[in-house]
Amino acid sequence: MVFLAAFSPNLCASTGLEKDYNQLLQSPMTPTNDDKFEWINLPDHPIFSTGLANVAASIGKPCNLAAWHEPTSHLYLWDSNKLCLHRILLRFGEDELDDHSQIFAASPAKTFRPDIHLQFGVCNIAINRAGTSLVLVGSGSLYVMHLYKRTSTKDGSTICRAVSIGSHLYVNDDDFIEILQVSWHPHSDTHLGVLSSDSVLRLFDLSNDTEEPEQEFYLQPLQNGSCQNATSIRPVAYAFGGEHMWDRFSVFFVFSDGSVYVLCPVVPFGSIYSWACVEEVYKDAQALGLNSSNARAVKNSSLAVSWLEATFPQIVDGSTNGQTALSLKALPYAQFDLSLSLQGPLHKVSHSEEDQDSNFPKVECKGQAVGFLYNSINKDSVLVIAWSTGQLQVDALADELQPLWSTSNPPRFRFDSSGLVMGTAMICESASLENFSTGLHAQVNAFDTVWLGQPPPLLTLALVDLALPTKAADSKGCLLSIFSDPLVPEKIYCIHNSGIDLIFLHFLPFSSQMAGKEEAATPPSVRPILTLGQNEMSSEWLLCGFAALADSFGNSWVVGFTSSQDCIVIKMKSWDMAFTFHADRDEKLLDDKELSEIGSTDIISKELLLGPKTVLLPQGSSTLRSLNPDSIEGRSTLHQYFKLFHENYVQYAHKVYIQLILRSDHLKRTVADQHARLSDAKQMLSNVEGKQPILEDRLKCAVQAYALLVERLQSFKSLSGANKRPLSRAEREFKSQIDQYKEFELGALHSSIETLKTRLRRHMQYSQANITSPKQVSKNHRHVPPSEDQISYLKSSISKLSIVNSENSKKVKLVESTLKGMEASF
């Protein structure tokens, strides 16, 4: 169950020590001094009294202006009035004096502002895994704020760098492309996936290029009996796969007609994956695909193995450079003659062969799909589709997903100067599929169909009707947004115009089978946890920000704020949710079957627990009072009842006594085991108490060492190279010119100067010789005085030569000073 907890009335390795220092200052995991803050209840925080989202509330589509970063316990809220981002540090009720149903927030909150003025209204925000970058999504605009690339501080707010993403694609007045969904990739902190209305999924690498996408996938779904183009249906939403086999390399799409498609494999360049997970997929493809008797399966699996070996080359020979590697980095790779095939639409199968006719529910949803959620629960991959009519369609993959390529449209590549792949673009068409069985058992048991290129079918688990007011839906239908609980993935929250509903999944095909549950498929339970008292004729999206929070003690909350300055905090009792839902429906089943199997059977048998079989009731209760105890009839009646009492109750008590005697040894062993465990626990507790002073001393030493390191880093900050910035464009051009002078023109200038010096030396020697021996010259040669034209020409040549010599000297001095300055800076 749920209850309302609070409701506000105003609702250094490669670049030196300086790089390591900057990374330490930019780290979001830096400890915070709690003495600077005042801890208050989250709904009472001052930022909710200013009105955060009255601008984004009227955009006519679901918006979410809140983001939760669990590692640092930071809640980010976008203020549409002040065009800034608030970061609130949260603390849950963990102390003995704290209320575990409340969330405490640090006041004042830290404020971030972009370094540019945003010309659009923000409707969604999302933060990456590391908590360093936050994406701002608006109507036809997309920006990323780098929270730890701070430029300055103004009016108590930190000015952060904001960069536009794909401005030439999404901001164009002539050919407007609408942004449908923006999500961070779960295996990368710098890759952003953008799905747009032109049926293209683009992956941007923010660490490399923010304008040109790294990978582009043009979705071209083709269905039998429909138009052979993508104009009849359009994509609505997408989701990256979870941690299950090939799902982690997949992207799931839902189109407007509710059809589901899959792209596999899709891997951002440089993303990080677990070594064990990649190794599991690699061995599975080798064992089931390469050893198959079907040539088509061998071909598909060999392509998958080749792709894994090229993307993760360390998985082939297990080379780790002498270290224990726990993760693998994906290399930039794509096959030159193959494009990814758009697998789908995924067909529906029934739970069993008997359910194909009538028992299994037929899924019939009207309207169009407006929302999508992928959730990995144990061994099941669950897909939830939200429809504009207020319905939720819950499906699960009935088989494993494998990659699939097509040779019809070869991809396009973009290379750098060294020949490495910088970007790819491919047209993804859906391949024609052969007919296959529609039964779940036929799919699960048919191992010979593995790696044949058939997409996995969908098993429909439930069709949930939220029973929303029909008057609130306009021509576009109801506004729905769905997300899962961070602790219990079986919980699914649905946010709509009227509030929040909770859907709990009781049955999952593979997870329930592994747990040994053989009962029939149990439909999910639906509970409203928040009702917003809204007019039925209104379709305004009131809940403008929401997030699911969780702490380390197994508690979870749902936090939201509305456009009317209201903050709502709802605590969820996560561990007894399933039992609460089962109580009213399966109470008789628990009393008859499960109660007799809970541990008490080890002490006494089931027959004795049921009690005496016969209950003594007088045969003729009206005539008993008239009988005399001393008469023959009275003695006979008393003897009969005494015999029945002895046969039923005395013998039953004797059996219970014998059973307890026989079970005494077992009870003694149980008690002795409990005492031994208690003594072990006391011993462990005493050991912990003995180690506590040592841990406190080590913690003090660590704090002192940390303070010393901070002091040393502060001193390193004053170094000349600490604030070194990269060269600008003009500086880079000047440096290239200097390099040209250094390599080519500098040598030519030196040779020219030497030549001129030699010629000048000879001229001076010749002039001195003429001055010292004029008579000798006159005897041997007849002196002819030069003409005025020759003298003027000689003077002009000497002046030009001096000018060229002075200019060359200046250039040489400039080049030498520049080179000396560069050598000193490096």
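Residues numbered from 1 in each chain as written. Predicted model: local features only at pLDDT ≥ 70, side-chain atom pairs only at ≥ 80, totals over all residues. Heavy atoms only, no water.

Trainee: Is there a simple way to think about the pattern of salt bridges in this case?
Mentor: Side chains that differ in sign of charge can pair as their charged atoms come close. Under the defined criterion, the tally for this structure stands at seven salt bridges. The partner of E243 in a salt bridge is R248, with the nearest N and O atoms 3.2 Å apart. Taking relative accessible area as the criterion, E243 reaches 47% and is therefore assigned partly exposed. Judged by relative accessible area, which is 4%, R248 ranks as buried. Via salt bridges that share partners, D198, R202 and E216 belong to a single interconnected network. (Salt bridge = Lys/Arg side-chain N within 4 Å of Asp/Glu carboxyl O. Buried < 20%, exposed > 50% of the residue type's maximum accessible area, 1.4 Å probe, protein only.)

Trainee: Any chance you could explain helix α3 (residues 275–289) here in plain terms?
Mentor: The periodicity of an α-helix, 3.6 residues per turn, causes residues three or four positions apart to be oriented the same way. The terminal C-alpha atoms of α3, which comprises 15 residues, lie 21 Å apart, in line with the 21 Å expected from a rise of 1.5 Å per residue. Taken together, the buried positions of α3 are occupied by W275, C277, V278, V281, Y282, A285 and G289. Buried-residue contacts for α3 involve β19 (272–274), α4 (295–311), α5 (314–317) and β20 (327–329). You can read the cap of α3 off the contacts: a side-chain oxygen lies 3.5 Å from the backbone nitrogen of A276, and it is on S274. (Helix = DSSP H or I, 4+ residues; strand = E, 2+ residues; numbered from the N terminus. Expected span 1.5 Å × (residues − 1). Contact = heavy atoms within 4.5 Å. Polar contact = N/O pair within 3.5 Å; in protein donor to acceptor, adjacent residues only side chain to side chain.)

Trainee: Whenever I open this one, unusual backbone geometry confuses me. Can you help?
Mentor: Trans peptide bonds make up most of the peptide bonds, and negative phi angles are found at most residues other than glycine. Here the amide bond leading from S107 into P108 is cis, since omega sits at 5 degrees, within 30 degrees of zero. Residues G344 and P345 are joined by a peptide bond in cis, for which omega reads 0 degrees. Mapped onto the elements of the fold, P345 is located in the loop between β21 (339–340) and β22 (348–349). Even without a glycine there, the phi angle at S73 is positive, about 55 degrees. Not every positive phi belongs to a glycine, and S199 is a case in point at roughly 60 degrees. Its location among the elements puts S199 in the loop between β13 (191–196) and β14 (200–205).

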